[in-house]
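What follows is the residue order along each chain.
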Amino acid sequence: MRAIRGAARAYILVTAVCAAACVQPALRDPGSTPWLAAGLLAALYALCELPARCRVLGRSLNGSVPVAAGSFFPVLLAAALLLPPAAAALVAVPGALLGRIEQRPRSARRVWRAAQLALATWAASRAQVLFGGPVALGGGGYGLTVPDFPYVLLPAGAAALAFCLVLTALDGSILVVAERMEPRAAWRGLLAGSLAPHAAHGLAGLMMAVLWRSPYGPLSALLVLLPMYISCWVFAQYHRERAAHQATIRALVQAVDIKDTYTRGHSERVGHASVLIAQEMGMERERIEVLRFAGILHDVGKLGVPTRVLRKDGPLTPEERRVIELHPEYGHEMVRGIAFLGEARGAILHHHERLDGGGYPYGLAGDRIPEFARVVAVADAFDAMTSTRSYRRGRPVGTAVAELERCAGTQFDPVMVGALVRALDRHGWRTAVTADEGTTPPAPPAPASPSAPGPRGNVPSARAAKPGTAAPSGVSAPSASTPCGTSGPSGTSGTAGGSAPSAPPAPPAPSGAATGPGGSAASAPHSPRRTGGGPPRGGRRGGPR
């Protein structure tokens with residue numbers, strides 16, 4: 001249990017005193033307070049807050065009833081329109097005190113919620129009075145006995161805006177006092193994210209107030225409240241489902257990062273670079289979100305590759321290489337049942353394909369490669385080339401861009417490469433260190449040794465690693481500029497980690513500096529063909545799904 005700081009307790013106490021001062025006129029002059037209407041509205045608001053405390057209902061709806069403070073305000077806004085400010089403030093208190101509190105200490109949080117909502121409702125009632133709300137609602141002034149539309153929308157809008165402003169101010173201030181957040185960070189996005197929901201609740205509150213004063217009486221107001229409550233529940237369900245999606249993806253990425261420590265953080269950066277490309281291409285927001293998932297999960301198939309192969313120091317055997325080349329298919333099998341990923345599943349399967357048909361697992365070419373896969377291939381290669389890892393330095397952004405442009409049209413889609421270049425000009429890029437962040441990157445390459453094997457992987461030639469240190473088999477180093485159309489050493493040049501432009505056999509690297517097929521810097525000109533006893537093109541399932 002985390003105790004609330006002393007300053008926060010003092011702030012809550014001051015807020016509660018202010019709320020008590022707001023409701024005090026109703027208690028001091030009970031004869032002028034419409035207690036029946038206030039009692040009915042208070043009971044109605046408390047009823048809206050109670051379902052989450054009901055174990056049976058909460059379990060049947062997976063705890064998704066929208067009852068938390070900040071989720072359902074039509075009753076409070078109706079009270080602000082129907083009652084004097086002091087009485088309207090009282091309506092919020094019983095429901096706020098009865099509502100469910102998740103975190104401890106619960107008593108202090110209940111007092112804060114009650115004071116916060118009482119102040120916001122009081123401010124909303126004051127605002128609508130200033131704009132002539134009682135008369136516009138048909139309160140009898142100026143001969144009006146029915147609501148004056150559309151003028152009544154003005155006091156209703158003022159009430160909703162005042163309610164929103166007070167809640168936003170109090171929400172941000174408690175973060176500053178209790179969590180010691182910077183004021184700028186505490187209030188960032190609060191108002192913008194609250195305006196639309198509070199405006200919708202304000203309209204619902206206005207409809208409730210109009211029906212309340214109609215010949216049909218208070219019971220008819222429930223006809224507005226029930227659909228609004230259901231819509232809030234549906235909205236809450238959507239956000240819970242979205243949170244579950246995010247948690248699923250985070251868990252998968254964390255598992256990959258734990259297994260392949262040499263590319264830690266790579267997945268998130270590929271997702272970010274994919275979003276930059278998509279935004280530059282003008283994709284719809286929904287597709288951009290799915291593409292971000294594709295970039296984040298593109299290497300999830302590494303979970304199916306033995307750890308000893310991913311972390312192997314030194315060259316891979318042909319059999320180990322064939323195992324690593326199956327990771328796109330493993331990844332596709334892992335996520336094929338996750339419906340919300342949509343097009344991302346194709347990107348996970350095909351992000352090692354090449355535009356000229358020399359990629360894997362199915363050797364697709366041109367437009368037969370899914371659009372998302374072409375985006376992720378460019379983002380994957382770019383991040384692998386620019387990321388500094390414990391066994392080699394990353395390339396400068398300009399050098400990586402030049403390498404992508406050199407291989408555009410043969411390995412990468414020129415449209416995607418161009419979009420990335422424009423996005424980098426607009427937003428820039430922060431290069432990253434992955435795995436063993438505290439390790440100093442290696443020095444510039446040493447003279448080649450004839451005894452060392454040639455480079456492997458998606459990048460042509462490797463920079464020298466630290467003396468006596470081999471690059472892990474799951475990651476490859478950036479290469480020198482070489483033609484994108486030639487095949488790599490031993491006829492293979494793809495890697496487990498990405499698709500960066502690769503080259504023909506380069507001058508031998510220093511002994512102990514062998515690179516493995518894992519990072520995703522610019523990939524080999526011809527992605528690895530299946531040879532020997534390995535599975536045929538298309539894997540063991542015979543073709544793309």
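It should be emphasised that the depicted structure is a prediction, and the values quoted were computed from it without experimental measurement.

**Q** Just to check I follow, could you spell out empty space enclosed by the protein for this structure?
**A** In this approach a probe as big as a water molecule rolls over the atoms, and the regions it shows empty are the leftover space. Throughout the structure, instances matching the rule amount to one cavity of 30 Å³ or more. There is about 40 Å³ of room inside the largest cavity. Forming the boundary of the largest cavity are His350, His351, Glu353, Leu355, Ile369, Ala373, Arg374, Ala377, Gln411, Phe412 and Asp413. If one sorts the elements of the lining of the largest cavity by residue count, helix α18 (residues 371-386) sits on top with three residues. Looking at side-chain class alone, the lining of the largest cavity contains five nonpolar, three polar and three charged residues.

**Q** What's the story with the confidence of the model for the chain in this structure? I'm lost.
**A** Reading predicted coordinates in detail is not appropriate for stretches of low pLDDT. The predicted model of the chain has a mean per-residue pLDDT of 77, with 73% of residues at 70 or higher. Note on residues 433-483: pLDDT under 50 across the span, and 204 contacts to partners over four residues away in sequence or across chains.

**Q** So what exactly am I meant to see when it comes to the packing of helix α11 (residues 222-259) against helix α13 (residues 285-297) here?
**A** When two helices pack together, their arrangement is given by the angle between the helix axes and by the axis-to-axis distance. Between α11 and α13, the least distance of the axes is 10 Å, while the angle of their chain directions is 20°. Of the possible angle classes, the one that applies to α11 and α13 is roughly parallel. Every residue of α13 that contacts α11 at Arg242, Gln246, Ile249, Leu252 and Val253 is listed here: Glu289, Arg292, Phe293, Ile296 and Leu297. Of the residues in the contact of α11 with α13, the class split is six nonpolar, one polar and three charged.

**Q** Explanation requested: the layout of surface pockets in the structure shown.
**A** Each pocket or cavity is described by its volume, and for the second largest pocket that value is around 330 Å³. Taken together, Tyr238, Glu241, Arg242, His245, Gln246, Arg285, Glu286, Glu289, Val290, Phe293 and Phe340 form the lining of the second largest pocket. Looking at the lining of the second largest pocket, the elements that each hand over two or more residues are α11 and α13. Of the residues assigned to the lining of the second largest pocket, the class counts are four nonpolar, two polar and five charged.

**Q** Looking at this model, I keep getting lost on the nonpolar core. Mind explaining?
**A** Among the nonpolar cores identified, the biggest contains 51 residues, and Leu291, Leu341, Val378, Phe382, Leu404 and Phe412 are the most heavily contacted of them. Listed by contribution, the elements that provide at least two residues to this core are α11, α12 (266-281), α13, α17 (344-350), α18, α19 (397-406) and α20 (414-427). Per-element tally for this core: the top contributor is α18, with ten residues. The residues contacting Leu291, other than those within four sequence positions of it, are Ser274, Ala278, Met283, Phe372, Val375 and Val376. Residues Leu83, Leu206, Ala209 and Val224 belong to the second largest nonpolar core, which totals 46 residues.

**Q** Just checking my understanding: could you explain the side chain of Gln411 for this structure?
**A** In this fold, Gln411 is placed in the loop between α19 and α20. A distance of 3.1 Å separates a polar atom in the side chain of Gln411 from a polar atom in the side chain of Arg354.

**Q** Quick question: what am I supposed to make of helix α2 (residues 35-49) here?
**A** Helical periodicity: at 3.6 residues per turn, an α-helix aligns residues three or four positions apart in one direction. The end-to-end C-alpha distance of α2, which contains 15 residues, comes to 21 Å, matching closely the 21 Å that a straight helix rising 1.5 Å per residue would cover. For α2, every residue scored as buried is listed here: Ala37, Ala38, Leu41, Ala42, Leu44, Tyr45, Ala46, Cys48 and Glu49. The elements touched by buried residues of α2 are α4 (74-82), α5 (85-98), α6 (106-130), α10 (190-212) and α11.

**Q** Can you walk me through the pattern of salt bridges in this structure?
**A** Pairing between side chains of opposite charge can happen when their charged atoms approach one another. This model, assessed by the stated rule, comprises 18 salt bridges. Glu289 is paired through a salt bridge with Arg242; the nearest N and O atoms lie 3.5 Å apart. With a gap of 47 residues between them, Glu289 in helix α13 and Arg242 in helix α11 connect regions that are remote in the sequence. For Glu289, a relative accessible area of 19% gives the class buried. For Arg242, a relative accessible area of 35% corresponds to the partly exposed category. We note a salt bridge from Asp413 to Arg374, for which the minimum N-O separation is 2.7 Å. With a gap of 39 residues between them, Asp413 in the loop between α19 and α20 and Arg374 in helix α18 connect regions that are remote in the sequence. Of the two residues, Asp413 and Arg374, neither departs from the other in class, the shared state being buried. One continuous salt-bridge network, built from bridges that share partners, spans Arg242, Glu289 and Arg292.

Thresholds applied
- Throughout, residues of each chain are indexed from 1 in the direction in which the sequence is written.
- Whole-chain, interface and lining totals are the exception, using all residues; otherwise, since this is a predicted model, local features are given only for residues with pLDDT of at least 70 and side-chain atom pairs are given and counted only at 80 or more.
- Working from all heavy atoms in the structure, the side-chain values ignore hydrogens and water.
- Space inside and on the surface of the protein is sampled on a 1 Å grid over the protein atoms alone, with a cavity defined as a set of points where a 1.4 Å probe fits but cannot get out and a pocket as an open set with protein on both sides within 12 Å along at least 5 of 7 lines; lining residues have an atom within 4 Å of a point.
- Grid points are joined across faces, edges and corners, and a volume is the space filled by probe spheres set on the points.
- For the purposes of this entry, the term helix denotes a DSSP run of H or I that reaches at least four residues, the term strand denotes a run of E that reaches at least two, and both are numbered from the N terminus.
- Any residue outside Ala, Val, Leu, Ile, Met, Phe, Trp, Tyr, Cys, Pro, Asp, Glu, Lys and Arg is labelled polar, Gly included; the first ten of those are nonpolar and the last four are charged.
- The predictor attaches a confidence to each residue, and that confidence, scored 0 to 100, is pLDDT.
- It only takes one pair of heavy atoms within 4.5 Å for two residues to be counted as in contact.
- Angles shown run from 0 to 180 degrees and are taken between the N-to-C directions of axes, each axis being a line fitted to C-alpha atoms and, for helices, limited to the stretch in contact.
- Any angle that falls under 35 degrees is termed roughly parallel, while one over 145 is termed roughly antiparallel, one within 65 to 115 roughly perpendicular, and all others oblique.
- Nonpolar cores are built from buried Ala, Val, Leu, Ile, Met, Phe, Trp, Tyr and Cys residues. Side-chain atoms within 4.5 Å join them into one set.
- Working definition: with a 1.4 Å probe on protein chains only, accessible area under 20% of the residue-type maximum means buried, over 50% means exposed, and in between means partly exposed.
- Under the rule applied, a polar contact is a pair of N or O atoms within 3.5 Å (in protein, one hydrogen donor and one hydrogen acceptor; residues adjacent in sequence only if both atoms are side-chain atoms).
- Here the expected length of a helix is defined as 1.5 Å per residue gap, with one fewer gap than residues.
- By definition here, a salt bridge exists when the distance from a side-chain nitrogen of Lys or Arg to a carboxyl oxygen of Asp or Glu is within 4 Å.

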